[in-house]
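Letter by letter, the chains look like this.
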Amino acid sequence: MTGFEGFRGEQISFWVPGELELAGIRGSAIRGDGLRKIGIFGWGIVAPRSENVEAFAANLGSSESWLSPFRGGGPNNFLVGDPKFDFSAYKGWIDNRFPPNRYPQLVEKMDQSTQYAVGAFIQALGQNPGLEEELTSLGTAAHVYVGTGLGALPTIYDISIAHHRAERRWNRFWSQPERNADLRRYLADPESFAEESLPESPEGLVAEERELAQAAWDRFWAARSDHLAGFLAAMREIEGQRVEGDVEAGKMRLMKSKRRRLARLKEEWGAPQPPWEAVSPKILWNIHNSPSAQISMLGRITGLSFAPVAACSTFGVSLKLAMDAIARGEIKAAVVGATDPAPHHLSVGGFYNARVTAADASVSKPLSELRGTHVSGGSALWIVGDWEHMTAKGFKPLGMEPVAVGVSADADHIITPSKEGPRAAVRQALDEAHVDPSEVSTWDLHATATPGDFLEVETLRGVLPDSVLVTARKGTFGHGMSACGGWELTAQYLGYARGELFPTPLETAELNGEISEVHQRFVFDCALAAPGGYAGKMSMGIGGINACVLSRPLSAE
């Protein structure tokens, strides 16, 4: 057991290999295959029942599922992985480095996905004292690759609803006869519009049809409103003002003048809020690259920052990008990871209607009855670096050593995995690491508790021997669209640091009969000793994107 000072100043402990091993004294910074060694020097987690990586590690010791009933979208039968998270835990860290308005800005303007990623990043910095300063001092030799799956879904949903409501009010206002000469003419003489394609009148329709018909009716007549045309002409005059004189001072004066005049214009016409004014700028501040961008700003990391988006394979793809950039000598370190919003009725409903989600209020475990997966949210981030550079600076590697990431595309189906696509990623990883399949001792599946589990095990056995010990963990924390691969890899690495494979919720008697005929060696609800040799991890993303991560214990030469 060793300790370090956490992001809130408390002493945090976790299991690691011996100090000589951590210092990288054994082995060379250049691997036997000629590639540069890479280490993990920091990690952070936000997951169900786990507000940080320490809680995550402690929870992995139990075979219990971390899933809970879904509280969104009305009464339902869904279980989800709702992340445990309190962004205020990171306020002190942010306040110590930035002006007082920075933390409120992050709270008010940033979506869950970005806040989760920021929290995980701050955790990761606490694993090795001096990491923060090193990432800053590296300049463009440090990159940030933090992706997402569904993006800022809750924010986009809320903004879309606000726009929809504003648009309905707006069209209804301008489509009234007193503001619409064309509508008055139609009401006086409907036959005069016989040649035009009018929408169906909502009058006389049943309730369930009337709402949509009313919206179409209002939209049609609002577009023909002479009063709206006059309003927009006045608005164009206001918006057409230009900056004069000193640019900075003139810009502020102009913005204030426009706001005042537009407010008076709406008051004069009695008009509701225009729909375009109902769209929050948060729609721009929470694009897919926002988590990476905020990490670069908070860490003052000036190298490339962007969001790899590879669905369920995002974490593995992010790791590959970093390993390749380090191998090229382009960078010395990178922040990699993935982040997802908490389960939302759109994500749960989307998964359900894709026929991949369990909906009977009980835990669906991979490799068992194959009833479907459970939607989860949270984040997983690692700080990876060139072994020689980082250990020379005194930083200690964590968990295991990643040696290769194989990637491929099925080029076949958007959601059903092929055999050859994942197999190609596995073979690429083995070839890049110069590892024979017989040297792989344990493997973590993508396994989503759907019929694809059988195909995945069958595909795996087409490459690896029957001696490989297999784990599947989505019955524990559910399926984060992009973060889940990071949770599973971190669980694998934390387990090896303790010398064990953590238990899963699956009981021996629950193993699917068809799967047991293909393979028999699985980690069930009891921990097992971590075997020597290489460990593999497969992720298979929507769209047929595959990422296979191959790792080895830190004690390996």
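Procedures and definitions
- Residues numbered from 1 in each chain as written.
- Predicted model: local features only at pLDDT ≥ 70, side-chain atom pairs only at ≥ 80, totals over all residues.
- Heavy atoms only, no water.
- Helix = DSSP H or I, 4+ residues; strand = E, 2+ residues; numbered from the N terminus.
- Buried < 20%, exposed > 50% of the residue type's maximum accessible area, 1.4 Å probe, protein only.
- Contact = heavy atoms within 4.5 Å.
- Areas by Shrake-Rupley, 256 points an atom, 1.4 Å probe, with all protein chains shown as cover.
- Lys, Arg positive; Asp, Glu negative; His and termini not counted.
- Charge placed at Lys NZ, Arg CZ, Asp CG, Glu CD.
- Patch = residues over 30% accessible without salt bridge, like charges linked within 9 Å, V, L, I, M, F, W, Y side chains within 5 Å.
- Salt bridge = Lys/Arg side-chain N within 4 Å of Asp/Glu carboxyl O.
- Expected span 1.5 Å × (residues − 1).
- Arc of directions from axis to C-beta.
- Polar contact = N/O pair within 3.5 Å; in protein donor to acceptor, adjacent residues only side chain to side chain.
- pLDDT = per-residue confidence, 0-100.
- Pairing = 2+ DSSP bridges.
- Axes fitted to C-alpha atoms, helices over the stretch in contact; angles between N-to-C directions.
- Core = buried A, V, L, I, M, F, W, Y, C linked by side-chain atoms within 4.5 Å.

Caption draft 1: Structural detail: the overall build of the protein. The secondary structure content of the protein amounts to 21 helices and 18 strands. Counting only C-alpha atoms, the protein reaches 90 × 60 × 40 Å along its principal axes. Among the 557 residues that make up the protein, the fraction classed as buried is 55%. For the protein, the proportion of contacts with a sequence separation of at least 24, taken over those separated by at least 6, is 77%. Working note: accessible area of the protein is about 23500 Å², and carbon and sulfur atoms make up 52% of it. Side chains of the protein carry 53 positive and 67 negative charges; the gap between the two charge centres is 6 Å.

Caption draft 2: Main features of unusual backbone geometry. Residues other than glycine seldom take positive phi values, yet Arg355 does so here, at roughly 65°. Tracing the backbone through its elements, the reader meets Arg355 in the loop between α15 (345–353) and β9 (375–376). Given a relative accessible area of 74%, Arg355 falls into the exposed group. Despite not being glycine, His434 shows a phi value in the positive range, around 55°. Note on placement: His434 falls in the loop between α17 (420–433) and β12 (440–444).

Caption draft 3: Inspection of a nonpolar patch on the surface at higher detail. On the surface, Leu304, Phe306 and Leu321 cluster together into a nonpolar patch covering about 220 Å² of accessible area. Structurally, the position occupied by Leu321 is in helix α14 (residues 314–327).

Caption draft 4: Broad picture of helix α10 (residues 226–239). With 14 residues, α10 extends 20 Å between its outermost C-alpha atoms, agreeing within 8% with the 20 Å of an ideal straight helix rising 1.5 Å per residue. When α10 is considered as a whole, its buried residues turn out to be Leu228, Phe231, Met235 and Ile238. Around the axis of α10, the buried residues are gathered within 75° of arc, so they sit on the same side. More than 90 degrees from the buried face of α10, the exposed residues found are Arg236 and Glu237. Buried positions along α10 lie against α7 (153–174), α9 (207–222) and α11 (247–269). Sitting at the amino-terminal end of α10 is Ser225, which places a side-chain oxygen 3.3 Å from the backbone nitrogen of His227.

Caption draft 5: Spatial organisation of the confidence of the model for the protein. On average, residues of the protein score 92 in pLDDT, and 94% of them reach the 70 mark or higher. Confidence drops under pLDDT 50 across residues 1–28; counting only partners more than four residues distant or on other chains, this segment forms 55 contacts.

Caption draft 6: The pattern of salt bridges, seen in detail. What the rule picks out here adds up to 27 salt bridges. Across the salt bridge formed by Asp386 and Arg36, the nearest N and O atoms sit 2.5 Å from each other. A residue pair is termed long-range when its members are at least 10 positions apart, and Asp386 in strand β10 (residues 378–386) and Arg36 in the loop between α1 (19–22) and β3 (38–46) qualify at 350 residues. When the shortest N-O distance is used, the salt bridge between Glu388 and Arg36 registers 2.7 Å. Of the two residues, Glu388 is situated in helix α16 (residues 387–392) and Arg36 in the loop between α1 and β3; the sequence distance between them amounts to 352 residues. Residue Arg36 is classed as partly exposed on the basis of its relative accessible area of 24%. Linked by salt bridges that have partners in common, Asp182, Arg185, Glu196 and Arg224 make up one network.

Caption draft 7: Region of the structure containing α15. Those residues of α15 lying buried are Ser347, Val348 and Phe351. The arc that holds the buried residues of α15, viewed along the axis, is 100°, so those residues lie on one side. Residues of α15 that are buried make contact with β5 (79–80), α7, β9 and β14 (479–480). After α15 finishes, the residue Arg355 shows a positive phi value of roughly 65°.

Caption draft 8: The sheet that holds strand β7 (residues 305–306), seen in detail. Spatially, the five strands line up as an open sheet ordered β3-β10-β8-β6-β7, and their pairing is mixed. Across the chains shown, the open sheet's two edge strands, defined by having one partner strand only, are β3 and β7. Here strand β6 (residues 142–148) runs beside β7; their pairing, made up of two bridges, is parallel. Following the sheet pairing, Val144 is matched in β7 by Ser305. The sheet contacts of helix α13 (residues 290–299) involve β6, β7, β8 (333–340) and β10, and relative to β6 the element is tilted by about 150°.

Caption draft 9: Summary view of the sheet that holds strand β11 (residues 400–409). Strands sit in the order β11-β18-β17-β12-β13 across an open sheet of five strands; the sheet is mixed. The open sheet terminates on both sides in strands that have one partner only, identified here as β11 and β13 (469–471). For this sheet, the mean angle separating the axes of adjacent strands, direction not counted, is 20°. Here β12 pairs with strand β17 (residues 534–541) via four bridges, running parallel. Counterpart to Val440 in the pairing with β17 is Tyr534. Its contacts with the sheet put α14 on β11 and β18 (545–553), and the angle it makes with β11 is roughly 110°.

Caption draft 10: Here's a closer look at the nonpolar core. Judged by nonpolar contacts, the single largest core of 41 residues is most densely connected at Trp43, Phe56, Trp382, Val384, Trp487 and Leu494. Within the residue set of this core, elements represented by two or more residues are β3, α2 (53–59), α14, β8, β10, β11 and α20 (484–498). The dominant element in this core, judged by the number of residues it contributes, is α20, at seven residues. If we skip the residues at most four places from it in the chain, Phe56 touches Ile45, Ala47, Ser50, Trp66, Phe477, Trp487, Thr490, Ala491 and Leu494. Val146, Ala333, Val335 and Met390 belong to the second largest nonpolar core, which has 33 residues in total.

Caption draft 11: Up close: a positive patch on the surface. Taken together, the side chains of Lys256, Arg259, Arg260 and Arg264 make up a positively charged region of the molecular surface. Looking at the element boundaries, Arg259 is found in helix α11.

Caption draft 12: Looking closely at the pairing of β3. In terms of burial, β3 is largely enclosed, as nine of its nine residues are buried. The pairing of β3 with β10 spans eight bridges and is classified as antiparallel. Paired with Val46 across the bridge in β10 is Ser379.

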